[in-house]
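Take a look at the letters that make up each chain.
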Amino acid sequence: MTVELPRPLAPWRPWLAIFPRDLALSLGPVLQRLSFAVGPLRMERADGVGDPDGFDGLARRGPYERLLPSEWLLADEAPEEFLRRAAGGEHTFLHLARPVPGGSHLCVALFDAGPGQLGSPRIAQLAALIVLARRAEAAGVRFGWGILQEPDEPLLTAVTPASVLRLLQSRTPHEATDAQIEAWHERLDGWRERDDAWIVGARRLGGLPMGRSASHLQVWDVLDPRVRRVGVTVIRGSLPPREIALDLPEEDACVRLLRDPFNAAAPPPRSLTEDLAPVSNLLFTGTGSRLLARTASGAILAVFVPNSPRMIPPEPRAYVPSPGERVTAAGFAGRSIFLVTARDGSVNVYKGARDRRTVLDSVHDPYEGPPFQPGEGTRLRPCFQIRGGMFAVDGQDTLFELSADQSFPVASVVAVAAYSEHLAFVRSPSPGEPPALSIRTRKSDSAPVPMPSLEGLDAREAFFGYGGSIADRWTGLAAVRQDERRWRIFHQGGPTGLAFAEGVRAVGVARRPRGSAPGLLLLDDDRRTLVLAGTSWSLRLPAASSEIVEAAASHRAPVVAYTTAAGELVLYSLDQERVLTRLVPGGPA
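Residues numbered from 1 in each chain as written. Predicted model: local features only at pLDDT ≥ 70, side-chain atom pairs only at ≥ 80, totals over all residues. Heavy atoms only, no water.

Caption draft 1: The overall build of the protein chain, seen in detail. Across its full length, the protein chain carries eight helices and 35 strands. Every one of the 589 residues in the protein chain was classed for burial, and the buried ones make up 51%. A separation of at least 24 residues holds for 51% of the contacts in the protein chain among residues at least 6 apart in sequence. (Helix = DSSP H or I, 4+ residues; strand = E, 2+ residues; numbered from the N terminus. Buried < 20%, exposed > 50% of the residue type's maximum accessible area, 1.4 Å probe, protein only. Contact = heavy atoms within 4.5 Å.)

Next up, the structure:
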């Protein structure tokens, strides 16, 4: 694979070439900083060992049969100068090469796979692997590496996609034991002192008895949520320790480096029984950790949203309401599901698992006006828990705030999304009241926040999506329909107008993969292809196996979901450009 890299990263090109270019560029500054702290490898070469093998340079001393020809020329042309140089030891001789026999030197690195190296420290370990491999090659010595907790395994000798994954996936909840440390000590004890050995891991490993030639690269997480940084201390022999702060790549790059750096994972299709086949719209929960849909039997299907194609998610689950009740809205808070039903003028909120359900509230409406409506058809509405308060959308798309003693309508909404401590929603237009982009906290106990105007927009459709760094603090990334073919996207940089061709349907909004431009998620006119399109760019997702029936984009992660006419359900990562989960119909109902 040929990867074009800036000139400062040329020394690491053979190792960075195994990564996608964007990840290679994000690793570059980490490698430069760490390489400077580690320093070069200088192996001592004793004279007079090994068999002669040509010449490898010049020397001031040596037998006169190896005197440079230019010096003999001086003897003919200026004999007195020749004698003067001989007396002053200024003659130049060819130096006889006596290379050390191959295989006598080895640089070895042992990586701690314990709990102290999970997360950010693992990226520093990956950088250390590349730095030490390149350092050994520059010194002309062999390189090998292993896992500290696996003293019986053979050393790996290359940095390849397979070996990088081996390092990243060598996670264990156990610290290295004394027996494992002693086993490595015995393996290293027979090596010559000038061999280079490194221990890469937690600070507690600084006292390992690995011999006088062992060096330590201690890595620990900097517990500051405002920065992506790890601490590194380099300890080499008698030199004073060198401590540095290693700034890590952007968050998205860190996630990809840890979970699927080579975009190679492809999860196998998983079977979804007929009774769990979704028949409604797709609904990402407030935290983005689950995807919800209604099944034909009225149960609520919950599908876990994995972070990587390599992650093995739990099986989809079905949550069943009480007999005689139909779920209008559903959502998750933590690990608990909430089901909202409406019957006989009351609102019932259920919390619990598939096999056990607890009635939290039976709320009777104390206000005059239409009660919480159950709705018709298959469409599922969202509910959210914000700062201990419950919000739900009823069957007529009215946002309600629910509590143990009252419930009251907030607004008629087109779209709604939950953030850390507030809701963002697009209020639908009504006679005498224009559409609006608004926020809501429990009991409206926050100070007024200026909202962008929706003047000139019909706002009959709207979406909230993942904006990453371009998301507005309050409304995230919001797309509101202007007319049949034009939309306006609101984000941190202000509104962006987008238009699309006839026959194409907008189904969501998201930012450009690993970028800073907003785009609409569109269903192409072939009805099998989703396209994320911005003002001057587009990304076509792989075509579905059959016509796409429903599609949605998460507002908490760069993930989209869709179902097909054949009953297939797919979760797709925009940043990784890979399928996260594929559920196909099959198995008994």
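Additional details are given in the paragraphs that follow.
Caption draft 2: Region of the structure containing the environment of Tyr64. Topologically, Tyr64 is positioned in the loop between β1 (55-59) and α3 (69-77). Once the C-alpha coordinates of Tyr64 and Leu94 are considered, the two residues, 30 residues apart in sequence, prove to be 9.6 Å apart. Discounting residues that sit within four places of it in the chain, Tyr64 has contacts with Trp72, Phe82, Ala86, His91 and Phe93. A polar side-chain atom of Tyr64 sits 3.1 Å from a polar atom in the side chain of His91. (Polar contact = N/O pair within 3.5 Å; in protein donor to acceptor, adjacent residues only side chain to side chain.)

Caption draft 3: Quick look at the pairing of strand β19 (residues 389-393). For β19, the tally of buried residues reaches five of five residues, placing the bulk of the element in the interior. Alternating residues of β19 divide into Gly389, Phe391 and Val393 and Met390 and Ala392, and every residue in both groups is buried. Pairing of strand β18 (residues 381-386) with β19, which is carried by four bridges, proceeds in the antiparallel orientation. In the strand pairing of β19, Ile386 is matched with Gly389. (Pairing = 2+ DSSP bridges.)

Caption draft 4: Region of the structure containing the packing of helix α2 (residues 21-38) against helix α5 (residues 120-139). Close contact between α2 and α5 brings their axes to 9 Å; oriented N to C, the two are set at 60°. Put simply, α2 runs oblique to α5. Crossing handedness for the pair α2 and α5: right-handed. Side by side, α2 and α5 meet where Leu27, Val30, Leu31, Leu34, Ser35 and Val38 of the first sit next to Ala124, Leu126, Ala127, Ala128, Ile130, Val131, Leu132, Arg134 and Arg135 of the second. Of the residues assigned to the contact of α2 with α5, the class counts are 12 nonpolar, one polar and two charged. (Axes fitted to C-alpha atoms, helices over the stretch in contact; angles between N-to-C directions. Parallel < 35°, antiparallel > 145°, perpendicular 65-115°, else oblique. Left-handed = near helix turned anticlockwise from the far one by under 90°. Nonpolar A, V, L, I, M, F, W, Y, C, P; charged D, E, K, R; others polar.)

Caption draft 5: Representation of the sheet that holds strand β28 (residues 505-511). Overall, antiparallel pairing links the four strands, which are arranged β28-β29-β30-β31 in an open sheet. The two strands at the open ends of the sheet, each matched to only one other strand, are β28 and β31 (538-540). Strand-to-strand twist across the sheet, computed as the mean angle between neighbouring axes with direction ignored, equals 25°. Pairing between β28 and strand β29 (residues 518-523): six bridges, direction antiparallel. Looking at β29, one finds that Arg511 is bridged to Pro518.

Caption draft 6: A look at the environment of Arg33. By the element assignment, Arg33 lies in helix α2. Here Arg33 falls in the partly exposed class, since its relative accessible area comes to 39%. For the pair Arg33 and Asp247, spaced 214 residues apart in sequence, the C-alpha separation works out to 9.0 Å. Aside from chain neighbours lying at most four places away, what touches Arg33 is Ile244, Ala245 and Leu246.

Caption draft 7: Structural context of the pattern of salt bridges. Per the stated rule, a full pass over the model turns up 22 salt bridges. As a salt-bridge pair, Arg256 and Asp22 come within 2.4 Å of each other at their nearest N and O atoms. One end of the pair, Arg256, is in helix α8 (residues 251-259); the other, Asp22, is in helix α2, and 234 residues separate them in sequence. With relative accessibility at 3%, the residue Arg256 sits in the buried group. Exposure remark for Asp22: the relative accessible area of 32% places this residue in the partly exposed category. In this structure, the salt-bridge partner of Arg229 is Asp247, at a minimum N-O distance of 2.7 Å. A residue pair is termed long-range when its members are at least 10 positions apart, and Arg229 in strand β7 (residues 229-236) and Asp247 in strand β8 (residues 242-247) qualify at 18 residues. For Arg229, a relative accessible area of 29% puts it in the partly exposed group. (Salt bridge = Lys/Arg side-chain N within 4 Å of Asp/Glu carboxyl O.)

Caption draft 8: Just the packing of aromatic side chains, in detail. Within the structure shown, the criterion is met by eight aromatic pairs. For the ring pair Trp72 and Phe82, a centre distance of 5.8 Å and an interplane angle of 25° mean the geometry is stacked. One end of the pair, Trp72, is in helix α3; the other, Phe82, is in helix α4 (residues 79-88), with 10 residues separating them in the sequence. For Trp72, a relative accessible area of 41% puts it in the partly exposed group. Taking relative accessible area as the criterion, Phe82 reaches 11% and is therefore assigned buried. For the pair Phe111 and Trp145, a centre-to-centre distance of 5.8 Å together with 90° between the ring planes defines the contact as edge-to-face. Here Phe111, found in strand β3 (residues 106-111), pairs with Trp145, found in strand β4 (residues 142-147); they are 34 residues apart in sequence, far enough to count as distant. Here the two residues Phe111 and Trp145 agree in accessibility, since each one is buried. Within the aromatic cluster, the residues linked to one another by ring pairs are Tyr64, Trp72, Phe82 and Phe93. Arg203 extends its terminal NZ or CZ atom over the ring of Trp220, reaching a point 4.0 Å from the ring centre. (Phe/Tyr/Trp six-rings, centres within 6.5 Å; stacked < 30°, edge-to-face > 60°. Lys NZ or Arg CZ within 6 Å of the ring centre and 35° of its normal.)

Caption draft 9: Broad picture of the sheet that holds strand β9 (residues 270-272). Strands sit in the order β9-β35-β34-β33-β32 across an open sheet of five strands; the sheet is mixed. Bordering the open sheet on either side are β9 and β32 (548-553), each of which pairs with just one other strand. On average, each strand axis in the sheet is inclined to that of its neighbour by 20°, with strand direction left out of account.

Caption draft 10: Region of interest: the environment of Arg511. Position of Arg511 among the secondary structure elements: in strand β28. Each C-alpha atom of the pair Arg511 and Ala533 lies 9.3 Å from the other, and the pair is 22 residues apart in sequence. Looking at Arg511, its side chain comes within polar contact range of the side chain of Asp575, at 2.8 Å.

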